[in-house]
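Okay, here's what each chain looks like letter by letter:
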Amino acid sequence: TILPLYQWGFDSGKDEMQDIQWHPNSVDIYYTKWKNGLYKVNVNEKKEILIKEGCDSKAYEVISISADGTKMITERVNSYVENANTAIQTYVQNSRIYIMNIDGSDEHEIVLPLN
């Protein structure tokens, strides 16, 4: 079901931590904050570090860290408004899988075969 744009609450859950993951080093914790991005906290330093910035059109939802701790994969939700200059607007979201280095660099989509 596609809902008109005015029925969506764009900021809902924007600052909530989601999908908390331990790094294999047992010191760093990674998590998402939906449209705010991907974060890391070192349990010794207790300082939150932004790894990858999100926004209204790019949100990170689910993450998984590789066994060697060098990479992570994430579900990235890309959003946009269709027919923005018309009376009936549609908010569209597309989920894709992305892989990147653990520091957020070299992000690229994993293109899955279509059935």
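Nothing here was measured: the structure is a model prediction, and the numbers come from that model.

### Here's the deal with the overall build of the protein chain
Logical step 1: Broken down by element type, the protein chain carries 0 helices and 8 strands.
Logical step 2: A separation threshold of at least 6 residues defines the contact pool for the protein chain, and within that pool the share at least 24 residues apart is 32%.

### Quick word on the packing of aromatic side chains
Logical step 1: In this structure the tally under the stated criterion is 1 aromatic pair.
Logical step 2: An angle of 10° between the planes, with centres 5.9 Å apart, marks the rings of tyrosine 31 and tyrosine 39 as stacked. Accessibility assignment for this pair places tyrosine 31 and tyrosine 39 in one class, buried.
Logical step 3: Above the ring of tyrosine 39, the side-chain terminus of lysine 33 is found at 5.1 Å from the ring centroid.
Logical step 4: Positioned above the aromatic ring of tyrosine 98, the side-chain terminus of arginine 76 is 4.1 Å from the ring centre.

### Considering the sheet that holds strand β7 (residues 90-101)
Logical step 1: Pairing is antiparallel in the open sheet, where 4 strands are placed in the order β5-β6-β7-β8. The open sheet is flanked by β5 (58-65) and β8 (108-110), the only strands paired with a single partner. Each neighbouring strand pair of the sheet contributes to a mean axis angle of 40°, computed without reference to strand direction.
Logical step 2: Relative to β7, strand β6 (residues 71-82) runs antiparallel, the two being bridged by 12 bridges. The residue of β7 that forms the bridge with threonine 74 is tyrosine 98.

### With respect to the confidence of the model for the protein chain
Close reading of the predicted structure is inappropriate where its pLDDT is low.
Logical step 1: Of the residues in the protein chain, 86% reach a pLDDT of 70 or more, and the chain-wide mean stands at 84.
Logical step 2: Here residues 1-10 is a poorly scored stretch, pLDDT under 50, and it has 13 contacts once near neighbours within four places are set aside; other chains count.

Calculation criteria
- Residues numbered from 1 in each chain as written.
- Predicted model: local features only at pLDDT ≥ 70, side-chain atom pairs only at ≥ 80, totals over all residues.
- Heavy atoms only, no water.
- Helix = DSSP H or I, 4+ residues; strand = E, 2+ residues; numbered from the N terminus.
- Contact = heavy atoms within 4.5 Å.
- Phe/Tyr/Trp six-rings, centres within 6.5 Å; stacked < 30°, edge-to-face > 60°.
- Buried < 20%, exposed > 50% of the residue type's maximum accessible area, 1.4 Å probe, protein only.
- Lys NZ or Arg CZ within 6 Å of the ring centre and 35° of its normal.
- Pairing = 2+ DSSP bridges.
- Axes fitted to C-alpha atoms, helices over the stretch in contact; angles between N-to-C directions.
- pLDDT = per-residue confidence, 0-100.

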